[in-house]
Amino acid sequence: MFRKHQTLGEFIIENQASFKYSSGELSSLINSIRLAAKVVNYEVNKAGLVDIIGAAGDTNIQGEDQQKLDVYANEKFIQTMTNRNIVCGIASEEEDDFIAINSQDENHQNKYVVLIDPLDGSSNIDVNVSVGTIFSIYRRVTPIGTPVTIEDFLQPGHQQVAAGYVVYGTSTMLVYTTGAGVNGFTLNPAIGTFYLSHPNMKFPEDGRIYSVNEGNYIHFPQGVKNYIKYCQMEEGDRPYTSRYIGSLVSDFHRNMIKGGIYLYPKSSLNAKGKLRLLYECNPMAFLAEQANGKASDGKQRILDIMPTELHERVPFVCGSKNMVEKCEEFIRNA
C-alpha cells in the first residue's frame, strides 16, 4: 500500500506484516539507520565549509586511506545502533574485526547483526560527487543469550532479513528492502523527515548504460573485455552509454532507475575482485533481486556465496537482468 506524502515511519508501521520477524525490532533498526543517516548527511553537506574533508591520516583494514568523513560516519552509525539496544553485533568495512554488543540487561538477548559500509565512495567527497552508506541486516545464528561470534556475520546473502543504502546526492535518499520489494524515501531537509518518493522500485529488464572503470580495461579477464566491446558495438540498440561515477551506491541507484549494468570484475590488479562481499555485494545483490534485477560474480549468484572472512572480496556484476545474463555469457565463453 502506497500513500501520497507517506513518511518512512508510517510506511514501516503499515507494512510491518511483510517482515516475518518482530515488527518492533525492524522499526527500531531502520529508525536507528535513519537517524544516523540524517546526522551523516548534515556533515556531508557542509564538507566543503569546514575542515572535515580530506584524509584522516590512517588506513583501514583494506589498506586504503581513511577519509575524515569515513571515520565520522563509522562512529555515528555504530553509536546510534548500539544505543537502540537491538543489535548484538556490528561489522564495519572500517573496522578490523566485528564489534560485539551486549544487551542492556547484560544477557545477550539482542537478535540482529548489522554489516555496514559507512561511507561508500568517500574519495569523491572532496570533489562534491555523491557518496553513500550501505547496510545489511541478519538474524544471529548463534544461540540468544550468548555473545555474538564470527559465525553470525559469515552468512550467505540469501539469509539477509533487510538491506539498503543511503545516497547523499542532490537529494538524500534511503532505499531499502525487507524481502518484499524495494522502496525509496527522500529526505525533506527542512523538517528532517524521509518521505516515500520511489515506491516499488524495479530495474528495467534491459538497459542502455554500462558502468565500469574502463581505465582498468587492460587488466580485465578476456570475457569482460569482450563484453565491453559488445557494449561499444554499433549494432541494434548499441552502442550503450558509458556512465561510471566511482561510487557504488550512485552507480547502482542510477542503473536501477534508468536500466543498466554495473561491473567490478576481478583483474590482474585485484585477483579476487575489489568489492567486499559482506558490506557491498550482498546488500546490493539483495536489493537488485528484490527489484527484478540480477547480481553475480560473473559465474554464480552473489547471494549463494558462502563467506569465509569478514573482508572477503569478490567480482561483482549487477543490474538489469538481461544485461547481466549477456555479460555472464561472454565470461563463460571466453
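Just so it is clear, the model here is predicted, and its values are computed rather than measured.

Basis of the calculations
- Residues numbered from 1 in each chain as written.
- Predicted model: local features only at pLDDT ≥ 70, side-chain atom pairs only at ≥ 80, totals over all residues.
- Heavy atoms only, no water.
- Salt bridge = Lys/Arg side-chain N within 4 Å of Asp/Glu carboxyl O.
- Buried < 20%, exposed > 50% of the residue type's maximum accessible area, 1.4 Å probe, protein only.
- Domains from an automatic or database assignment.
- Contact = heavy atoms within 4.5 Å.
- Buried area = accessible area lost by both parts, 1.4 Å probe.
- Polar contact = N/O pair within 3.5 Å; in protein donor to acceptor, adjacent residues only side chain to side chain.
- Helix = DSSP H or I, 4+ residues; strand = E, 2+ residues; numbered from the N terminus.
- Nonpolar A, V, L, I, M, F, W, Y, C, P; charged D, E, K, R; others polar.
- UniProt positions renumbered as here; feature names shortened; annotations may be inferred.
- Phe/Tyr/Trp six-rings, centres within 6.5 Å; stacked < 30°, edge-to-face > 60°.
- Core = buried A, V, L, I, M, F, W, Y, C linked by side-chain atoms within 4.5 Å.
- Axes fitted to C-alpha atoms, helices over the stretch in contact; angles between N-to-C directions.
- Parallel < 35°, antiparallel > 145°, perpendicular 65-115°, else oblique.
- Left-handed = near helix turned anticlockwise from the far one by under 90°.

(A) Up close: the pattern of salt bridges. If you walk through the whole model with that rule in mind, you get nine salt bridges. A salt bridge links Arg276 to Glu280, with the nearest nitrogen and oxygen atoms 3.7 Å apart. The exposure class assigned to Arg276 is buried, which follows from its relative accessible area of 3%. Residue Arg301 is joined to Asp304 by a salt bridge in which the shortest nitrogen-to-oxygen separation is 3.0 Å.

(B) A look at the domain arrangement of the protein. Examined at the domain level, the protein breaks down into domain 1 (8-201) and domain 2 (209-333). Counting residues at the interface gives 51 residues for domain 1, matched by 33 residues for domain 2. Surface buried jointly by domain 1 and domain 2 totals about 3,000 Å² across both partners, of which 64% is contributed by carbon and sulfur atoms. Taken together, domain 1 and domain 2 are joined by one salt bridge. In this structure, the salt-bridge partner of Glu93 is Arg276, at a minimum N-O distance of 2.8 Å. Taken together, the links from domain 1 to domain 2 amount to 14 residue pairs in polar contact (both at pLDDT 80 or more). Secondary-structure elements contributing two or more residues to the side of domain 1 that touches domain 2 are strand 3 (87-92), strand 5 (112-120), strand 6 (131-139), strand 7 (162-168) and strand 8 (172-177). For the side of domain 1 that touches domain 2, the element with the most residues is strand 6, which contributes seven residues. Across the side of domain 1 that touches domain 2, the residue classes tally to 26 nonpolar, 18 polar and seven charged.

(C) Main features of helix 5 (residues 248-258). Counting buried residues in helix 5 gives nine out of 11 residues, a clear majority hidden from the surface. Buried residues of helix 5: Leu248, Val249, Ser250, Asp251, Phe252, His253, Arg254, Asn255 and Met256, and no others. Of the residues flanking the end of helix 5, it is Gly259, one or two places downstream, whose phi is positive at about 95 degrees.

(D) Molecular detail of the UniProt feature "binding site: Mg(2+) 2" (unreviewed entry) in the protein. According to UniProt, the feature "binding site: Mg(2+) 2" (unreviewed entry) maps to Asp117, Asp120 and Glu280 in the numbering used here. Spanning 164 residues, the named residues nonetheless gather at one spot, since no C-alpha pair among them exceeds 8.6 Å. Position of Asp117 relative to the elements: it lies in strand 5. We classify Asp117 as buried; its relative accessible area is 1%. Once residues lying within four places of it in the same chain are set aside, the contact partners of Asp117 are Glu93, Gly132, Thr133, Ile134, Tyr279 and Glu280. Summarising the element assignment, Asp120 is placed in strand 5. Relative accessible area serves as the criterion here: at 5%, Asp120 is assigned to the buried category. Dropping the residues within four chain positions of it, Asp120 is found in contact with Val131, Gly132, Ile134, Ser247, Leu248, Val249 and Glu280.

(E) Quick look at the packing of aromatic side chains. Going through the model one piece at a time under the given rule, you end up with 11 aromatic pairs. Plain terms: the ring middles of Phe11 and Phe185 are 5.1 Å apart, the flat faces sit at 70 degrees to each other, and that makes the pair edge-to-face. Residue Phe11 is located in helix 1 (residues 8-14), and its partner Phe185 is located in strand 9 (residues 182-188); the two are separated by 174 residues in the primary sequence. Considered together, Phe11 and Phe185 belong to a single accessibility category, that of buried residues.

(F) Representation of the nonpolar core in the model. Grouped together as the largest cluster of nonpolar side chains are 40 residues, with contacts concentrated most on Phe77, Leu119, Ile137, Tyr168 and Tyr176. Tallying contributions element by element places helix 2 (residues 23-45) first for this core, with eight residues. Beyond its immediate stretch of four places on either side in the chain, Ile137 contacts Leu29, Ile33, Tyr112, Val113, Val114, Gln160, Val161 and Ala162. Counting residues in hydrophobic clusters, the runner-up holds 31 residues, among them Val167, Phe203, Leu275 and Cys318.

(G) Structural detail: the packing of helix 5 against helix 6 (residues 277-290). In contact at an axis separation of 12 Å, helix 5 and helix 6 are set at 10 degrees when each is read in the N-to-C sense. The angle between the axes of helix 5 and helix 6 places the two elements in the roughly parallel class. Considering how the two elements wind past one another, helix 5 and helix 6 form a crossing that is right-handed. Counted together, Leu248, Val249 and Phe252 of helix 5 and Glu280, Met284, Leu287 and Ala288 of helix 6 form the full contact between these two elements. Of the residues assigned to the contact of helix 5 with helix 6, the class counts are six nonpolar, no polar and one charged.

(H) Seen up close, the side chain of Ser92. Residue placement: Ser92 occurs in strand 3. Relative accessible area serves as the criterion here: at 1%, Ser92 is assigned to the buried category. Looking at Ser92, its side chain comes within polar contact range of the side chain of Asn74, at 2.6 Å. Within the structure, Ser92 has its side chain in polar contact with the backbone nitrogen of Glu94 (distance 3.0 Å). Sequence-distant contacts of Ser92, that is, excluding residues within four places in its chain, are made with Asn74, Ile116, Pro118, Tyr279 and His311.

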